[in-house]
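Overview (structure and organization)
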Amino acid sequence: MNGDQAVAGDWNGDGKDTIGVFRPSNQGWYLDYNNDAVPDQMIVYGLNGDLAVAGDWNGDGKDTIGVFRPSNRGWYLDYNNDAVPDQIIVYGLTGDVPVVGDWNGDGKDTIGVFRPSNRGWYLDYNNDAIPDLIIFYGLTGDQAIVGDWYKR
């Protein structure tokens, strides 16, 4: 639908990322565990205007949902997909783009922001709302994308 946000994650802990959609108009998360284009789980979480984020917040091998709320710079992370925030963090500035990754290799995803105004990446290793690493990377107009690019 118009306005849907694509999300990807390992929703069932099988080691494979699969697809999902966050529909802000009804706050619905539609998670597909096996990429067969049929939702295996539907969760109502967030508010209209939120931006979808997903990550393995607690290191259990499963990605779960979260939202970044630009209106208050709030991160609402749900550790077990029960539609109740397990952690709320205020982080970033107006205009920042939320990014999620395992920045320090500890098996847990944490928050970060990409600031288009200065091309700065402000990465928080432990979700304490203090950047642990700041990198200036990219060109004006670039969009942030995160991944595990290093082949081990």
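Before any of the text, the structure's been laid out above.
Attention here is on the structure that accompanies the text. The structure presented is a predicted model; accordingly, all values stated were derived computationally and were not measured.

Focus on the overall build of the chain
When helices and strands are tallied, the chain shows 0 helices and 12 strands. When the helices and strands of the chain are read in sequence order from the N terminus, they spell out β-β-β-β-β-β-β-β-β-β-β-β. Expected size for 152 residues packed as a compact globule is a radius of gyration near 15 Å; at 15 Å, the chain falls within 12% of this value. Its C-alpha atoms put the chain at 40 × 40 × 30 Å along the principal axes. The buried share of the chain, taken over its 152 residues, is 40%. For the chain, long-range pairs separated by at least 24 residues make up 27% of all intrachain contacts whose partners lie at least 6 apart in sequence. Counting only carbon and sulfur atoms, one obtains 53% of the accessible surface of the chain, whose full area is about 8400 Å². If the 10 positive side-chain charges of the chain are averaged to one point and the 23 negative ones to another, these points end up 5 Å apart.

Thoughts on the layout of surface pockets
The space that makes up the largest pocket amounts to roughly 1400 Å³. Lining the largest pocket are 41 residues, and of these Val100, Gly101, Trp103, Val146 and Gly147 sit closest to its centre. Secondary structure elements with two or more residues in the lining of the largest pocket: β1 (5-9), β5 (51-55), β9 (97-101), β11 (120-123) and β12 (133-136).

Considering the packing of aromatic side chains
Aromatic rings considered in pairs are described by the distance between their centres and by the relative angle of their planes. Across all of its chains, the model carries 4 aromatic pairs by this definition. Ring centres 5.0 Å apart and planes at 50° place the aromatic pair Phe114 and Trp121 in the tilted group. Taken as a pair, Phe114 and Trp121 share a single burial class, namely buried. Taking the ring centre of Tyr76 as reference, the NZ or CZ of Arg69 above it sits at 4.2 Å. The ring centre of Tyr122 lies 4.1 Å from the NZ or CZ of Arg115, which sits over that ring.

Observations regarding the nonpolar core
Core analysis: the largest hydrophobic core is formed by 12 residues, namely Val7, Trp11, Phe22, Trp29, Leu31, Ile43, Tyr45, Ala52, Ala54, Ile65, Val67 and Tyr76. Of all the elements in the fold, those that place two or more residues in this core are β3 (28-31), β5 and β6 (64-69). Not counting the four nearest positions on each side in its chain, Phe22 is found in contact with Gly3, Asp4, Gln5, Gln27, Gly28, Trp29, Tyr45, Leu47, Asp50, Ala52 and Val67. Membership of the second largest hydrophobic core comes to 11 residues, among which are Val53, Trp57, Phe68 and Trp75.

Quick word on the environment of Pro39
With respect to the secondary-structure elements, Pro39 resides in the loop between β3 and β4 (41-44). Taking the C-alpha atoms as reference points, Pro39 and Ile19, separated by 20 residues in sequence, lie 9.2 Å from one another. Those residues in contact with Pro39 that lie beyond four places of it in its chain are Tyr30, Leu31 and Asp32.

A word on the environment of Tyr150
Mapped onto the elements of the fold, Tyr150 is located in the segment after β12. What makes Tyr150 exposed here is its relative accessible area of 62%. Remark: the alpha-carbon pair of Tyr150 and Asp78, spanning 72 residues in sequence, is separated by 28 Å.

Each value, and the rule that gives it
Residues numbered from 1 in each chain as written. Predicted model: local features only at pLDDT ≥ 70, side-chain atom pairs only at ≥ 80, totals over all residues. Heavy atoms only, no water. Helix = DSSP H or I, 4+ residues; strand = E, 2+ residues; numbered from the N terminus. Rg over C-alpha atoms; globule rule 2.2 N^0.38 Å. Buried < 20%, exposed > 50% of the residue type's maximum accessible area, 1.4 Å probe, protein only. Contact = heavy atoms within 4.5 Å. Areas by Shrake-Rupley, 256 points an atom, 1.4 Å probe, with all protein chains shown as cover. Lys, Arg positive; Asp, Glu negative; His and termini not counted. Charge placed at Lys NZ, Arg CZ, Asp CG, Glu CD. 1 Å grid on protein atoms, 1.4 Å probe; cavity = no way out; pocket = protein on both sides within 12 Å on 5 of 7 lines; lining within 4 Å. Points joined across faces, edges and corners; volume = space filled by probe spheres on them. Phe/Tyr/Trp six-rings, centres within 6.5 Å; stacked < 30°, edge-to-face > 60°. Lys NZ or Arg CZ within 6 Å of the ring centre and 35° of its normal. Core = buried A, V, L, I, M, F, W, Y, C linked by side-chain atoms within 4.5 Å.

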